[in-house]
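Reading the structure
This is what each chain is made of:
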Amino acid sequence: MPAGKKKAGWESAVAGGAGAAFARTVVAPLERLRMQMIADPGKYPSMIACVSDIHAKEGIPGFWRGNSINVYRIAPQSAIGFFCKDYYKVKLGETPLGNNGKPSVLSLAVSSSLSGITMMTLTYPLDLVRTRMTTTPGIYDGLLHGCQVIAREEGLHSLFCKGLTAANMFAVPYYGTSFFVLDMMKRKFATYGREPGNERAVTPAASLPMGAAANMIGCAVAFPFQTAWKRIQVQGTGGRPIRYTGPVNCLTTIIKEEGFFGLFNGLRANLIKLAPTGAIQFWSVDIIKAGWDSLSKDKSLGILKSIAVAD
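Please read all numbers here as calculations on a predicted model, not as lab measurements. (Residues numbered from 1 in each chain as written. Predicted model: local features only at pLDDT ≥ 70, side-chain atom pairs only at ≥ 80, totals over all residues. Heavy atoms only, no water.)

**With respect to helix α11 (residues 247–258)**
Which entries qualify depends on this criterion: Helix and strand assignments follow DSSP, with helices taken as H or I runs no shorter than four residues and strands as E runs no shorter than two, numbered in order from the N terminus. Between the first and last residue of a helix there are one fewer steps than residues, each counted as 1.5 Å, and that sum is the expected span. Note on classification: 1.4 Å probe, protein chains only; a residue is buried when its accessible area is under 20% of the maximum for its type, exposed when over 50%, partly exposed between these limits. Think of it as the arc spanned by the lines of direction from the helix axis to the C-beta atoms. Whether two residues are in contact is decided by their heavy atoms, any of which lying within 4.5 Å being enough.
Between its terminal C-alpha atoms α11 stretches 16 Å, which fits the 16 Å expected from twelve residues at 1.5 Å a residue. Within α11 the residues assigned to the buried category are P247, C250, L251, T253 and I254. Here the buried residues of α11 occupy an arc of 165° about the axis, which is enough to place them on one side. Residues of α11 that are exposed and angled more than 90 degrees away from the buried face: V248 and K256. In the core, the buried residues of α11 are packed alongside α9 (164–191) and α10 (204–234).

Okay, structure coming up:
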C-alpha cells in the first residue's frame, strides 16, 4: 500500500474478519490442544498425551470441535478489532498523544489496547460459550442453546460478565502488544534505509514473519491473564469445581498451589498455535487489502479510459 494512503474503516473490518476466520480454521487442531491444556491443568503430562486423549475419545473431528463457533466469534471480534485500531489510531493521532496529527509510539500503544478492550467486551458471550463447548464436549447443543442455558442457570449477567475482567486484563497486554509490535515492525520495514516520502511497500509476504512474531510476543506477555480468564470461564462445568472468586484470586491461587510457572501452563502449545495463526491472519488481511487496491486501481483506470473515449 502506498505510503500515506488511508483505508476505509469497513475495509479493515472485513479484511480483519475474513483473515481471522481463515487462519483459525487452518490451525483449529492447535487451538483445541491449547484450550484443553489451559482448562485442565495437570491432566496431561505433555502435548502428545493431550493429542492422544482427544483422538482416542473423539477421533479426528474432535480437533475441530468448537471451530464453527470459534469462527462465529473470531470473525466479528477481529473485524471490530481492526476497525477500532485504525479508528483509535487516527483519533488519538489528533490529540496531544499524537505527533503533529500523526500516530506516535504512545498513541499506537494506547489505540491497540483500546481496540482489544472494545473487541473483547462486545463479543464476550460468544467467547464464553465457545470456550465451554471446546473444553467440555456436549455441554451445549449450539451457540444459542449455550447462551440460553447460561442465562437461565447462572443469570444473564454471567453471559456478559463472568470472566470479563480477566478477559480485558488479558486483552490490554495481548492485543496492545501484538497490534503495537506489528505496526512498529511494518513502520520500520517501510522506512529502514529509505529517505522520507520514499518508503518501501509492506507486501503480504513480508507480513508473514511479522504477524507470527507479533502474536507470539503478545501471547508471552499476556499469558498469565489468559490462564486466569479461561479457568474462571470453565469452573463449575464438566465436573470442574468452582475455586476462584475473581482474576486476582485465581492468579494468587495458581502461584500458591502450582508455583509461578503454573501461570504459564500451556504456553508452549499456545505459542505453537499462535505463530502460524498470526502469520496466516495478517498475511490474509494484507492479501485482501492488496486485492481491493488492485480492483480500485483497475476501476479508476476504466473510468479514465471511458472519459478519454468520450472526449
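On we go.
**Comments concerning the packing of helix α4 (residues 67–93) against helix α5 (residues 105–122)**
Cut-off, in case you're wondering: Think of each axis as a best-fit line through the C-alpha atoms, taken over the contacting stretch in the case of a helix, with angles from 0 to 180 degrees between the N-to-C directions. It is the rotation of the near helix from the far one that decides the hand of a crossing: anticlockwise by less than a right angle makes it left-handed, clockwise makes it right-handed. Amino acid classes used here: Ala, Val, Leu, Ile, Met, Phe, Trp, Tyr, Cys and Pro are nonpolar; Asp, Glu, Lys and Arg are charged; the rest, including Gly, are polar.
Taken N-terminus to C-terminus, the directions of α4 and α5 make an angle of 145°; their axes are 8 Å apart at the nearest point. The two elements α4 and α5 cross, and the hand of that crossing is right-handed. When α4 is examined against α5, the residues Q77, S78, I80, G81, C84, K85, Y88, K89 and L92 are found in contact with a partner set consisting of S107, L108, V110, S111, S112, L114, S115, T118, M119, M120 and L122. Here the residues of the contact of α4 with α5 sort into ten nonpolar, eight polar and two charged.

**Examining the state of the cysteines**
Which entries qualify depends on this criterion: A pair of sulfur atoms, both from cysteines and within 2.5 Å, is called a disulfide here.
Summed over the entire model, instances satisfying the criterion amount to zero disulfides. Not part of a disulfide, C84 finds its nearest cysteine sulfur in C161, a span of 19 Å. Judged by its relative accessible area of 9%, C84 falls in the buried class.

**A short note on the confidence of the model for the protein**
The test is simple: For every residue, the pLDDT score states the predictor's confidence, bounded by 0 at the bottom and 100 at the top.
Predicted confidence across the protein gives a mean pLDDT of 85, with 92% of residues reaching 70 or more. Element-level mean pLDDT values for the protein span from 71 in helix α12 (residues 267–310) up to 95 in α11. Note that residues 1–5 has pLDDT below 50 and, in this model, five contacts with residues that lie over four places away or in other chains. In the model, residues 303–311 has pLDDT below 50 throughout and makes zero contacts with residues more than four positions away in sequence or in other chains.

**Overview of the nonpolar core**
How we decide: For the purposes of this section, nonpolar cores are sets of buried Ala, Val, Leu, Ile, Met, Phe, Trp, Tyr and Cys residues that join through side-chain atoms within 4.5 Å.
M120, V129, F170, Y174, Y175 and W229 are the most contacted members of the largest nonpolar core, which totals 44 residues. Those elements that place two or more of their residues in this core are α4, α5, α6 (124–135), α7 (143–154), α9, α10, α11 and α12. Here this core gets ten residues from one element, more than from any other, and that element is α9. Ranked by size, the runner-up nonpolar core spans seven residues in total, among them L33, Y44, C50 and A269.

**With respect to the pattern of salt bridges**
How we decide: Note on definitions: salt bridges are taken to be side-chain nitrogens of Lys or Arg within 4 Å of carboxyl oxygens of Asp or Glu.
Counting across every chain of the model gives 18 salt bridges. Between D127 and K230 there is a salt bridge, with its nearest N and O atoms 3.1 Å apart. Here the residue D127 occupies a position in helix α6, and K230 occupies one in helix α10, the gap between them amounting to 103 residues. Note that K162 is salt-bridged to E154, the shortest N-O span being 3.2 Å. For E154, a relative accessible area of 24% puts it in the partly exposed group. Linked through salt bridges whose partners overlap, the residues forming this network are E31, R34, R73, D127, R130, K230 and K273.

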